[in-house]
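One letter stands for each residue in the lines below.
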Amino acid sequence: MDSAARDKMQRALPTGPEWPEQERAEQLARGAALKWASGIFYRPEQLARLGQYRSREVQRTCSLEARIKSVVQSYLEGVKTGVWQLAQALEAVRGTREALGQARELLRDMAEAAQTLEPLREQVVQHKQLQALSQLLPRLRAVPAAVAHTQTLIDAQRFLEAYVSLRELEQLQEETCAHLGGLELPVFEGLGPLAEALGQAVEAAAGAAGQLAREDPALLVAAMRVAEVDAGRTTSLEQAPRDWRQRCLHALQQGLERVHFGTSLQPGPGALAEWLEALRVALPAELAMAEALVAPCCPPHYKVVQLWAHTLHGGLRRCLQQLLEGPELEAADTFTLLHWALHVYQGPEMMGSLELGPEADVSDLEPLLTLENIEQLEATFVAKVQANVAQWLQKALDGEVVEWGREQEPDTDLSGFYHSPLPAIVLQILEENIRVTRMVSVSLQRRVHGMALSELSAFLRSFSDALIRFSRDHLRGDAVVPHYVPYLLATLNHQLALSSSVSVLQPEWVVPGVLAPVEAELDKLQKRICRLVLEALLAELQPLFAVLPSRRWLSSPELLDDVCERTARFCQNFRHVRNPAVQLLLAEAERTVVLQYLRALMQGRLVCRGADERTQAAERLQHDAAQLQELFLGLGLEESVQCAPVLLALRELLNLSDPTLLGLEVAGLRQQFPDVSEDHVSALLDLRGDVSREQRLAALSSLRAGPQPSPPAGRRALFSLVPTPAPSLASCFPSGSCA
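Per chain, residues are indexed from 1 in the order of the written sequence. At least 70 in pLDDT is required for a residue's local features to be given in this predicted model, at least 80 for side-chain atom pairs to be given and counted, and no such filter applies to totals for whole chains, interfaces and linings, which use all residues. For side-chain calculations, the full set of non-hydrogen atoms in the structure is used, while hydrogens and water are omitted.

A. Region of the structure containing the nonpolar core. Phe159, Trp308, Leu316, Trp553 and Phe574 are the most contacted members of the largest nonpolar core, which has 194 residues in total. The element that contributes the greatest number of residues to this core is helix α20 (residues 581-602), accounting for 14 residues. Joining through side-chain atoms within 4.5 Å is the link that ties buried Ala, Val, Leu, Ile, Met, Phe, Trp, Tyr and Cys residues into a set, and such a set is a nonpolar core. Only protein chains enter the area calculation, which uses a 1.4 Å probe; residues under 20% of their type maximum are buried, those over 50% are exposed, and those in between are partly exposed. Put simply, DSSP H or I for four residues or longer makes a helix, DSSP E for two residues or longer makes a strand, and each gets a number counted from the N terminus.

This is the structure we're talking about:
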């Protein structure tokens, strides 16, 4: 390739920044060449072969230039061909543009021509409509008569014929609207009210399905068929769906609820039991009628028996909710409703009947009463019953209190014990209220059981308060009570009867110990009655003990004879008291007499003047102890529980002839009666009258010697209940009570 061609090629190729890859290739080639040349000509002996290398490189360069020329020539030929094709395409585009312009002009001309034909098109449409109207005109003229005839059929309850006539009119309306392009004619304005009248008639027939199924099942079948056929109706007109099927189902439910749960049928005050009893008979009969008569008249997918069961249940549930939202029910109505809803309604006579087939599907029904309803009813029932029980118990107690003021003694039973129906009445009232709640639920029974125990405790407290008022009025003289003590003893029998029978208020499911509060109140009542009886005994004995001990007492047993006589007379009424209360009374009476005896001895009314009087006093104590023991043994008190032997212990203290041995006797007395105090011993020593100051100190010191002895088993305190007079200064020691 000559230099001119090379220059031309270089001018043709892009240089500089237009082809950066060329510049990089040249740099790489030059670098590779320099590296090769430096490697070849590094040694001098290879310079001789420079000519060979030059000729070889010239040949290689020529070969490369020839190949490059060939490639460039091919490239130039391809560019020439492409330019020629572009020129041809440009000519084709110009031709197409001219053709499109011509087509646009033609279309513009055709649109102008079409506008001139628009009146003609309108005339054609009007002609077609007039042609259709001319063909339909005889039928259109008959539309008003057909509407009137259809209304007549509806009024005559000929639903199938009325529906056929209505559909013919509606089809004519659709055909007319199709020919008139959706234009509505005034002649069809009555079709909407006519269809609504037929729908209302069908709905009314469905609402009276129960009655029609018995009297005119064909009419009910016709109404159901009309509703079902209309459900598959299609129309080209823009009309809302009539949905007569749903309206019929809704009418079935409303009619059923209206028959059984209408406003006029809801129970008034006190009529709930009769209303529920009527439902107990009516609802199963209604379900049986639905299965036997209504279901064959309706399509199977209506599921009439299930619809009847669920509708009756829902209506009854809403009715009961309204009843609970109204005035609060009385106790009897509350109990009746709870028992009916929880047992009768779910029982075999109603929803649990074996005759009720599976098609009723009552398994998924909601509870007739919610848990909140049951809680509300149970709370109401317990509150009402509690008020009634409290009133009944108060009336019974008032009647018993009136009996206490009678001129006659208390009534007795066949065994001669004082008797009153009060305990039986009280327990019967409470037990019956607990027992009857078993018919409802365990929770209600637990509530009433707790209420009964609470009311029994309150009754016992009221009984105790009434006894206190009765005793206070008698002692003050505000009320004349001829038989005060007998009626107190009669109340003790009442307490005993309640104690022995209160276990009937403890069912098997009650946890042990639940009667503990009631038993505690009974114990308090027993103690209070005993205290009142003993107070009456004290009132008779205190004047007699006021002269004990005395000189007359030393020489004569008359004073204690009077005490025994009055005590025996007082305790004669104890024979009308049942065991074990009579033993308790006798033990307390004997203890009271002994305590009064000890109180009299401790008062310091008598000081023995010598050994003879001390001997007389000791013998009197022995005689009195024997007399008291004989008295209460005769009354039936066991000897082991008597307190009179304490007098024998005091006798030993008085009978001791050597005062220096008093310490031993005092120590022995302390062993038998640990509650004896220094004041008691001092009073007894004063009674002896021969104890010096030193001997007294020695005797009293024996009380403080050694540990405090424990009381003997079964022996109650005596001396701690006996007061002593304040000791004189002569007998007051630093260790005494006045120190």
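B. How the structure looks around the packing of helix α9 (residues 244-261) against helix α10 (residues 272-294). Axes here mean lines fitted to C-alpha atoms, for a helix over just the part in contact, with angles spanning 0 to 180 degrees between N-to-C directions. α10 packs onto α9 with a crossing angle of 145 degrees between their chain directions and a minimal axis gap of 11 Å. Between α9, through Leu256, His260 and Phe261, and α10, the contact on the second element is made entirely by Trp275, Leu279, Ala282, Leu283 and Glu286. Charged means Asp, Glu, Lys or Arg here, nonpolar means Ala, Val, Leu, Ile, Met, Phe, Trp, Tyr, Cys or Pro, and polar covers whatever is left, Gly included. Counted by class, the contact of α9 with α10 contains 6 nonpolar, 1 polar and 1 charged residues. By definition in these notes, contact holds between two residues if any of their heavy atoms fall within 4.5 Å.

C. Quick peek at the environment of Ala273. With respect to the helices and strands, Ala273 occurs in helix α10. Ala273 gets classed as partly exposed once you look at its relative accessible area, which sits at 37%. Linking Ala273 and Thr336, residues 63 residues apart in sequence, is a C-alpha distance of 6.4 Å.

D. Molecular detail of a nonpolar patch on the surface. Residues with no salt bridge and a relative accessible area higher than 30% make up the patches, which join like charges within 9 Å and nonpolar side chains (Val, Leu, Ile, Met, Phe, Trp, Tyr) within 5 Å. For the area figures, the Shrake-Rupley method with a 1.4 Å probe applies, and any residue is considered shielded solely by the protein chains shown. Definition used for salt bridges: Asp or Glu carboxyl oxygen within 4 Å of a side-chain nitrogen of Lys or Arg. Together, Tyr75, Leu76, Val79 and Val83 make up an exposed nonpolar region whose accessible area comes to about 410 Å². Examined against the element boundaries, Val83 turns out to sit in helix α3 (residues 50-141). A relative accessible area of 52% means that Val83 is categorised as exposed.

E. Structural detail: the packing of helix α17 (residues 516-545) against helix α19 (residues 558-571). With their axes 10 Å apart at the nearest point, α17 and α19 run at an angle of 160 degrees to one another. For the element pair α17 / α19, the angle class is roughly antiparallel. Two packed elements cross with a definite hand, and for α17 against α19 that hand is right-handed. Two secondary-structure elements touch here, α17 through Val533, Ala536, Leu537, Glu540, Leu541, Leu544 and Phe545 and α19 through Asp562, Val563, Arg566, Thr567 and Phe570. Looking at the contact of α17 with α19 residue by residue, the classes come out as 8 nonpolar, 1 polar and 3 charged. Here is the rule for angles: anything less than 35 degrees is roughly parallel, anything more than 145 is roughly antiparallel, 65 through 115 is roughly perpendicular, and the remaining ranges are oblique. Helix crossings fall into two classes, left-handed where the near helix is turned counterclockwise from the far one by less than a right angle and right-handed where it is turned clockwise.

F. Fine view of the packing of aromatic side chains. Aromatic rings from Phe, Tyr and Trp, taking only the six-membered ring of Trp, are treated as a pair when their centres fall within 6.5 Å; an angle between ring planes under 30 degrees marks them as stacked, one over 60 as edge-to-face, and anything in between as tilted. Counting across every chain of the model gives 11 aromatic pairs. Centre to centre, the rings of Trp340 and Tyr345 are 5.5 Å apart; their planes meet at 35 degrees, and the pair counts as tilted. Tyr345 shares its class with Trp340; the two are buried. For the pair Phe570 and Phe574, a centre-to-centre distance of 6.1 Å together with 80 degrees between the ring planes defines the contact as edge-to-face.

G. Looking closely at the pattern of salt bridges. Scanning the entire structure with this criterion turns up 30 salt bridges. The shortest N-O distance in the salt bridge between Asp230 and Arg242 comes to 2.7 Å. Of the two residues, Asp230 sits in helix α8 (residues 217-231) while Arg242 sits in the loop between α8 and α9, which places them 12 residues apart along the sequence. Taking relative accessible area as the criterion, Asp230 reaches 5% and is therefore assigned buried.

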